[in-house]
Amino acid sequence: MDIANAYNSWSSQYDTNDNKTRDLEALALQKILQAKSFKHCLEIGCGTGKNTAWLLSICDQITAIDLSKGMLEIAKNKIQSDKVNFIEVDITKDWTFANQTYDLVTFSLMLEHIEDLNAVFQKVSRVTAVGSLVYIGELHPFKQYAGSKARFETESGTQVVTCFNHHVTDFIQAANASGFQLIHLDEQFDDADRSQLPRILNLVFEKL
Ligand SMILES: C[S@@+](CC[C@H](N)C(=O)[O-])C[C@H]1O[C@@H](n2cnc3c(N)ncnc32)[C@H](O)[C@@H]1O
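Description of the structure in this document.

Cut-offs and rules
- Residues numbered from 1 in each chain as written.
- Predicted model: local features only at pLDDT ≥ 70, side-chain atom pairs only at ≥ 80, totals over all residues.
- Heavy atoms only, no water.
- Buried < 20%, exposed > 50% of the residue type's maximum accessible area, 1.4 Å probe, protein only.
- Helix = DSSP H or I, 4+ residues; strand = E, 2+ residues; numbered from the N terminus.
- Arc of directions from axis to C-beta.
- Contact = heavy atoms within 4.5 Å.
- Pairing = 2+ DSSP bridges.
- Right-handed = clockwise from strand over helix to strand, strands pointing away.
- Phe/Tyr/Trp six-rings, centres within 6.5 Å; stacked < 30°, edge-to-face > 60°.

To continue, consider helix 7 (residues 168-177). Residues of helix 7 that are buried: F171, A174 and A175. Angular distribution of buried residues about the axis of helix 7 spans 100°; they occupy a single face of the element. Projecting away from the buried face of helix 7 at angles above 90 degrees are the exposed residues Q173 and A177. Close packing links the buried residues of helix 7 with helix 5 (117-126), strand 5 (128-139), strand 8 (180-188) and strand 9 (200-207). Phi for G179, located one or two positions after helix 7, is positive at around 90°.

This is the structure in structure tokens:
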């Protein structure tokens, strides 16, 4: 299913479905970023604002962007703050919304919907400065190799959202090529059980 339509259709259930990936990624983001503070965060693929409220506790301003009107509507109803600007943006198109630099850029569970990582990192590079951080929390590629995909149930059956598999080196090489250095790599496991496949891959890059 087309990504925007899929998330428009998923949006009303997204916060309430059982979803271990969604919940574990939220915990990971908080664990990794909790001791830091930022002036202006660009939250890419903010969805229903799952992470936006917590990011407000460490960021002065947030520009929260998403492709899906349905997901954004829920986020806007949930978070009414003059520190957050929600904008409908497809990040594969021109970034006309970005007229400043951000010291934090986050991608939570969204890069699996992006085919060309290099193009995205090139755009991120244009809106960041030396020392800016890029946080990534993704469905772990090992889970993808085992068949996991973003999916949800409707009356007409299971809907699978268009996804692309990226290897760990794909993320690192795309980031490096745009001037970002890996400063943190982590993996999150269900119930901290390291005998199972890791569910979430975390990468943090710093702009050189
Ligand atoms: C699995 S949801 C994650 C939402 C939120 N970050 C979270 O962790 O719950 C992926 C989000 O990425 C958005 N998205 C996918 N492709 C996009 C694109 N090209 N530009 C902007 N947002 C996109 C979708 O609309 C969706 O809201």
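Now, onward.
This part is about the pairing of strand 3 (residues 84-88). Of the pairings in the sheet, the one linking strand 2 (residues 59-66) to strand 3 comprises five bridges and is parallel in character. Bridge pairing in strand 3 places I62 opposite V84. Regarding topology, helix 4 (residues 69-78) serves as the crossover connection from strand 2 to the parallel strand 3, and that connection is right-handed.

Once that is clear, we can look at the packing of aromatic side chains. Within this structure, the stated rule accounts for eight aromatic pairs. Pairing W10 with F152 gives two aromatic rings, centres 5.1 Å apart and planes at 15°, and the pair type is stacked. In this pair, W10 sits in helix 1 (residues 3-14) while F152 sits in strand 6 (residues 151-154), placing the two residues 142 residues apart along the sequence. Of the two residues, W10 and F152, both sit in the buried class. An aromatic cluster is built from Y7, W10, Y14 and F152, whose rings are joined through pairwise contacts.

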